[in-house]
Amino acid sequence: MADRDRKAELERKKAKLEAMREERKRKQESLQEASAGATPEKKDLRAETEEFLREIGIPLTTTTDAGASHQQQAGEQKPADGTSVLQEAVYLAKNQAVLSFSKVTQTNLPPRDTVSYNKETQTPKETIEREVRPRDFYDEDNDSSLEVAVDTPPPIPGSGKMPHTSMHKPTETPEDAASVPVVEEKPVIRELSEEERRKIEMSEDFLNFFGRASAILERAMFEEVDIFTDYSGADSEEQRGGQLEGEQLKLNRQFFDERWSKHRTVTSLDWSTQYPELLLASYNSNQENPNEPEGVALVWNIKFKKSTPEYIFHCPSPVTSACFAKFHPNLIVGGTYSGQIMVWDNRSHKHTPVQRTPLSALAVTHTHPVYWIDVVGSQNAHNLVSISTDGKICFWNLDMLTQPQDSLELQHKQNRTVASWCCSFPYGDFNNYVVGSEDGAVYTACRHGSKSGINEIFESHQGPVTGVDCHSVPGPVDFSPYFLSSSFDWTVKLWNMKETRLLHSFEDNSDYIFDVKWSPIHPALFSTVDGSGRLDLWNLNIDTEVPSASVVVENNAGLNKCRWHQGGHTIAAGDDNGKVHIYDVGEPLAVPRPDDWSKFSHTLQELKLEQAEQEEDSASLLSQSPLR
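Quick caveat, the model's predicted, so the values are computed rather than measured.

A closer look at the overall build of the protein chain
Scanning the protein chain from terminus to terminus reveals nine helices and 32 strands. Looking at the protein chain residue by residue over its 628 residues, the buried ones come to 37%. Taking the contacts inside the protein chain whose residues are at least 6 apart along the sequence as the reference set, 51% of them involve residues at least 24 apart.

Right, here's the structure in full:
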């Protein structure tokens, strides 16, 4: 059953395919007949097109050839039917250029002329020739520079018409622009509020500016210039010579501040090695005003005539000694009554110390007043040295003051503590030193070596030793072993570290002698100050019994300290009223002669002989005494 159905379906499909073949064949035949019948119509259409082109005046052969060549160059294929030929003919008719004769018209336009007048000349080089008329002249009142622009061609002579002119701003040259003043608008200054003003006043930049500016103005206000100075020296040599012969010590000026110096005592003086015009003075407490700081250190300037200090430093304890740090120009070091060591920095805006030693009862630090302090050593190896009445000498590093690098107990024969008031190092020697004590003895000591500590004792004073100073003048003869000592017993004594015997005793004073200093340039000159306000200069080459020059300060003030300037022509002395006196030393007394070293050596030999004779006489008197 299934086979019959399948056969019937195949028969139907074969019949359908046969019908489709017959239909396709009929369509092909009908298309061939249609194409065969259309050929005459195409030929007739081409003939009609050619006839139309001849009527409108387009040659068919030329046009056809040109179109054919054009189509070949463009790479196009020429169609064969009549419609394509008609389109090609229309295209060529539109794009073909038509040439013809035309009439040329010439027109001449005159250029526009501009006549300019400048400051150099009032008439142009090339002028327009025309008839001069009264209107041509401008008003005489208008003498400014004009620029005339001619908008029309030059008028025909005799026409009576002027060119159209207009006013223009003259051309500015660079010179004209520079000569015209430029008016700047003034900025509106806003008023600051109270908070803004205080903020500015407390800023670091303002404090730097104000401090620097006020110091400069103060110096300028106090300067005095002598306009009658004669640099030829014709009228001043006699006056200068008479002054130096008559006055060996002349008061130059005094330093005193009403707030910081009043009711205080000068406790130490020191000159700056970096800035020779600066002088440091330290002061103790002001008993009249307990609200003021206990200790004060002031830096004065001898270069300018102003009466106020350059720097003001203070601390909560009286300053008993102070010095400039030799190899640190901005640092100032002070020893206090409490035993602390203070360090101030002039680069800081604070008047208080920037560094200090701890205040404690430890054995490594000072517990008594520090009466002497100085920086000893060289540029690459130096220490801050301090002594105190607690019997210790301490060596510090300025970068760390928490504890000393080294310290020694100054004891004589292991049972006697040396309460030191003063100290001095020989010239060029940083290991050996001399100390003066409150028991009236002078000791030589050593820092390093097997003999560190107290070595020798020099006994002759009958009171506390207030000052010692080693000879520090370089020269052909070495006098560095010699040193001087001053005491409350009204005497100054000359010693030699190599001999424990006294060389000479200077006994011209009648009051406590508080200080003694060698001259830095003269080998035989030294100075002393006492409680009566007397400043003495001793030249041992001239006399060994009386001073060569003396001066007494006013107001019955007692002098406590003296310090030579490194130049040797100036000496400073401080009194118990807070004043610092600056004296100029006469040139015959201050400046050494070439033979002063040999003379001083001869003087020392004479003093040794005299001292030996005195000791012999004293011994003989003691032997002949009935009490013996």
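Overview of the side chain of Asp345
Relative to the elements of secondary structure, Asp345 occurs in strand S10 (residues 341–345). Classification of Asp345 as buried rests on a relative accessible area of 12%. A distance of 2.8 Å separates polar atoms of two side chains, one belonging to Asp345 and the other to Arg347.

Brief notes about the layout of surface pockets
Approximately 1,100 Å³ is the volume found for the second largest pocket. Put simply, the parts of the chain that give the lining of the second largest pocket at least two residues each are helix H6 (204–222), strand S6 (295–301) and strand S7 (311–315). With nine residues, H6 is the single largest residue contributor to the lining of the second largest pocket.

Here's the deal with the sheet that holds strand S12 (residues 370–377)
Across the sheet, four strands lie side by side as S12-S13-S14-S15; this open sheet has antiparallel pairing. Two strands close off the open sheet at either side, each with one partner strand: S12 and strand S15 (406–409). Strand-to-strand twist across the sheet, computed as the mean angle between neighbouring axes with direction ignored, equals 15°. Pairing of strand S13 (residues 382–388) with strand S14 (residues 392–396) involves four bridges; the strand directions are antiparallel. Across the sheet, the residue bridging to Val385 is Phe395, located in S14.

Thoughts on the environment of Lys599
Take Lys599: it is sitting in helix H9 (residues 596–624). Look at Lys599 and you get partly exposed, because its relative accessible area is 38%. Measuring from C-alpha to C-alpha, the distance between Lys599 and Ala524 comes to 8.7 Å, with 75 residues separating the pair along the chain.

Considerations on the pattern of salt bridges
What the rule picks out here adds up to 16 salt bridges. Between Lys306 and Glu310 there is a salt bridge whose closest N-O contact spans 3.0 Å. Its relative accessible area of 2% is what places Lys306 among the buried residues. What you see here is one network of salt bridges that share partners, running through Glu194, Arg197, Arg198 and Glu201.

What to know about the packing of aromatic side chains
Each pair of aromatic rings is reported with the distance of its centres and the angle of its planes. Taken as a whole and judged by the stated rule, the model has 20 aromatic pairs. Plain terms: the ring middles of Phe255 and Trp300 are 4.9 Å apart, the flat faces sit at 25° to each other, and that makes the pair stacked. Note that Phe255 is positioned in strand S3 (residues 249–255) and Trp300 in strand S6, a separation of 45 residues in sequence. Side by side, Phe255 and Trp300 carry an identical accessibility label, which is buried. Geometrically, the ring pair formed by Trp518 and Phe600 is edge-to-face, given 6.1 Å between the ring centres and 75° between the ring planes. A residue pair is termed long-range when its members are at least 10 positions apart, and Trp518 in strand S26 (residues 513–518) and Phe600 in helix H9 qualify at 82 residues. Its relative accessible area of 0% is what places Phe600 among the buried residues. Through successive ring pairs, a cluster of aromatic residues spans Phe479, Tyr482, Phe506, Trp518, Phe526, Trp538 and Phe600. The ring of Phe395 has Arg447 lying over it, and the distance from NZ or CZ to the ring centre is 3.8 Å.

Considerations on the sheet that holds strand S30 (residues 559–564)
Strand order in this open sheet of four strands is S3-S32-S31-S30, and the pairing throughout is antiparallel. At either margin of the open sheet sits one strand with a lone partner, and together these are S3 and S30. When the angles between neighbouring strand axes are averaged without regard to direction, this sheet yields 25°. Judged from the five bridges that link them, strand S31 (residues 570–575) and strand S32 (residues 580–585) form a sheet pairing that is antiparallel. Bridging from a neighbouring strand, Ala573 pairs with His581 of S32.

Here is what the cut-offs are and how they apply
- Residues numbered from 1 in each chain as written.
- Predicted model: local features only at pLDDT ≥ 70, side-chain atom pairs only at ≥ 80, totals over all residues.
- Heavy atoms only, no water.
- Helix = DSSP H or I, 4+ residues; strand = E, 2+ residues; numbered from the N terminus.
- Buried < 20%, exposed > 50% of the residue type's maximum accessible area, 1.4 Å probe, protein only.
- Contact = heavy atoms within 4.5 Å.
- Polar contact = N/O pair within 3.5 Å; in protein donor to acceptor, adjacent residues only side chain to side chain.
- 1 Å grid on protein atoms, 1.4 Å probe; cavity = no way out; pocket = protein on both sides within 12 Å on 5 of 7 lines; lining within 4 Å.
- Points joined across faces, edges and corners; volume = space filled by probe spheres on them.
- Pairing = 2+ DSSP bridges.
- Axes fitted to C-alpha atoms, helices over the stretch in contact; angles between N-to-C directions.
- Salt bridge = Lys/Arg side-chain N within 4 Å of Asp/Glu carboxyl O.
- Phe/Tyr/Trp six-rings, centres within 6.5 Å; stacked < 30°, edge-to-face > 60°.
- Lys NZ or Arg CZ within 6 Å of the ring centre and 35° of its normal.

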